[in-house]
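# Notes for the structure review
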There are 2 protein chains.
Amino acid sequence: MGETLEGTIAFRVVGALRDDIVSMVLKPGDVISESDIAARYGVSRQPVREAFIRLAQQGLLLIRPKRATVVKKISPDGVRQSRFIRESIEVEIIRRVATDPKPETGQILDDLIADQEAASSANDSRRFHKLDELFHRTLARLAGVEYAWQLIDDHKMQLDRVRYLTLGVSSSQRAIAEHKQIAKAVSKGDVVAAEAAMRAHLARAEVLLSQTIEDFPDYFE
Amino acid sequence: MGETLEGTIAFRVVGALRDDIVSMVLKPGDVISESDIAARYGVSRQPVREAFIRLAQQGLLLIRPKRATVVKKISPDGVRQSRFIRESIEVEIIRRVATDPKPETGQILDDLIADQEAASSANDSRRFHKLDELFHRTLARLAGVEYAWQLIDDHKMQLDRVRYLTLGVSSSQRAIAEHKQIAKAVSKGDVVAAEAAMRAHLARAEVLLSQTIEDFPDYFE
DNA sequence: TTCCGCAATCTTGTATGGTAGATGCATTTT
DNA sequence: AAAATGCATCTACCATACAAGATTGCGGAA
């Protein structure tokens, strides 16, 4: 439901900063100031300030009143709750989709999985990641709650920062197998199996957090 | 996770505008401008502008680039999806709380329900509403996901605008009875019953939307 | 050496002026 | 009369200037 204005300088700054933060170019704890960013992008402080406000509301920046603005450190508890929110919504989505599967649902999901296998074979991890996200977003669309996915996407930024620190470890083969399980259960209309498969799929990445905290203690609070 | 700065003018304006919007003092479709609000509150346009940005991101305002800013009309589909999000999260919360109920859980909930009965007897609908909200927030706290409730709270603003249009129709007696059912199932650790009770509780207000759209067509898109 | 205080220098918050775009109405043209 | 056009007047966006709190580091005193 959040609206922004494309084409404005502030909008461009928001996108650039968010990319830098999620991709760890700007690291948790880094101190930035409106003046710095304004100079870096060759704009005035005003649009930068508005970008800061938006990013702070998304939990990526922490504006400290008369001191400075810092890239927010990753909160382990926040990550845990973001996962909770994601699991809550995705489980409900998969229930709805599996409860009343439309005829074309199975084919749509199978096509996406086929694309993922192609990307995996080509070792195109960027494309694979995009398709993985599309798989989940498609489920939301099939459930008629595409906005709910947008909500998950906002929270996924937190999770993506952690994932970026552990890149390479995710097994695309395993993810594909799990997607197949989910699609199969959905096609059969087996709600219980679909829910279980989705929970297992989402739970797989869980174990990495504590190890990541040990490896990068400065990035966590 | 969204942070704001207390004590600033912009923060005050955000609160004042949000209250006016949720309580329908500012009606969906109303056109407001930075200058108007700035003059009304005796401040400059700058903090008003920042308030507009925050409220737009929360889905209450629609900023139209070089035209004007309007109080966003209520989107029936948005209301539906907000309900979906709320139900997803609250159901997952009640599952967790019921799965492993702490000894003090039952007493905490019973106390809250007792307060609600007192407020109901005193016909203090404002206090009743606050306690109703506290009941749900407490469940989130007991599940260890208080931030998730904050998320629901943001979306509840959309639902509250609808509720404001239909005020008086909600039966506090019935809400209390449903809260009792939920608390009882949680205390017994009956996950299935707790989930069913929560879904029934949340579904109760559903029927009102279509009637409200007919009564106030100008407020919906 | 250690501690205290002050001032220079950061930061964000606020105010104001100027700019470009969109709208609506009056005027002109066909 | 109807359609097109130009202009007055709105709007949000951006740039700049000023204000006030917070930090830092230096210098002097104990």
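Preceding this paragraph is the structure being described.
These figures come from a predicted structure and were not determined experimentally.

### Things to note about the relation of the copies chain B and chain A
Expressed as a screw transformation, the operator carrying chain B onto chain A has a rotation angle of 180° and an axial translation of 0.1 Å, and the superposed copies differ by an RMSD of 0.1 Å. Such a turn and shift between the copies fits a two-fold axis. In terms of proximity to the rotation axis, the leading residue of chain B is B:Ser88, whose C-alpha is 2.7 Å off the axis.

### So, the packing of helix α4 (residues 76-99) of chain A against helix α6 (residues 125-142) of chain A
Residue and element names in this part refer to chain A. Here α4 crosses α6 at 55°, and the two axes come no closer than 9 Å. Of the possible angle classes, the one that applies to α4 and α6 is oblique. Crossing geometry of α4 relative to α6 is assigned as left-handed. For the pair formed by α4 and α6, the contact residues are Arg 86, Glu 90, Ile 93, Ile 94 and Val 97 on the first element and His 136, Leu 139, Ala 140 and Leu 142 on the second. Its residues assigned to classes, the contact of α4 with α6 comprises 6 nonpolar, 1 polar and 2 charged.

### Some thoughts on the sheet that holds strand β1 (residues 31-32) of chain B
All names here are of chain B. Strand order in this open sheet of 3 strands is β1-β3-β2, and the pairing throughout is antiparallel. In this open sheet, the two strands that pair with only one neighbour each are β1 and β2 (61-63). The pairing of β2 with strand β3 (residues 69-71) spans 3 bridges and is antiparallel. Following the sheet pairing, Leu 61 is matched in β3 by Val 71. Docked against the sheet, helix α3 (residues 45-57) engages β1, β2 and β3, running at close to 115° with respect to β2.

### Observations concerning unusual backbone geometry
Of note in this structure, A:Asn123 is not a glycine but carries a positive phi near 55°. Along the chain, A:Asn123 turns up in the loop between α5 (105-121) and α6. With a phi close to 65°, B:Met24 is a non-glycine residue in the positive phi region. For B:Met24, the location among the structural elements is in the loop between α1 (9-22) and β1.

### Some points on the protein's contact with DNA strand C
Looking at DNA strand C, there are 22 residues lining it, with A:Arg49, A:Pro65, B:Ile9, B:Ser44 and B:Arg45 nearest. A share of 68% is what sugar and phosphate atoms reach among the atoms of DNA strand C within 4 Å of the protein. Within the side chain of A:Arg45, an N or O atom sits 3.0 Å from a base oxygen of DNA strand C. The contact in question runs from a phosphate oxygen of DNA strand C to an N or O atom on the side chain of A:Thr69, over 3.2 Å. Mapped onto the surface near DNA strand C, the elements with two or more residues apiece are α3 (45-57) of chain A together with α1 and α3 of chain B. At 3 residues, the largest contribution of residues to the surface near DNA strand C is made by α3(B). Taken together, the residues that form the surface near DNA strand C break down as 8 nonpolar, 5 polar and 9 charged.

### Quick notes on the sheet that holds strand β1 (residues 31-32) of chain A
Residues and elements named next belong to chain A. Overall, antiparallel pairing links the 3 strands, which are arranged β1-β3-β2 in an open sheet. Across the chains shown, the open sheet's two edge strands, defined by having one partner strand only, are β1 and β2 (61-63). Contacting β1, β2 and β3 (69-71), α3 crosses the sheet at an angle of about 115° to β2.

Criteria and thresholds
- Residues numbered from 1 in each chain as written.
- Chains lettered and ligands numbered in written order.
- Predicted model: local features only at pLDDT ≥ 70, side-chain atom pairs only at ≥ 80, totals over all residues.
- Heavy atoms only, no water.
- Least-squares fit on C-alpha atoms with pLDDT ≥ 70 in both.
- Axes fitted to C-alpha atoms, helices over the stretch in contact; angles between N-to-C directions.
- Helix = DSSP H or I, 4+ residues; strand = E, 2+ residues; numbered from the N terminus.
- Parallel < 35°, antiparallel > 145°, perpendicular 65-115°, else oblique.
- Left-handed = near helix turned anticlockwise from the far one by under 90°.
- Contact = heavy atoms within 4.5 Å.
- Nonpolar A, V, L, I, M, F, W, Y, C, P; charged D, E, K, R; others polar.
- Pairing = 2+ DSSP bridges.
- Near = heavy atom within 4 Å.
- Polar contact = N/O pair within 3.5 Å; in protein donor to acceptor, adjacent residues only side chain to side chain.

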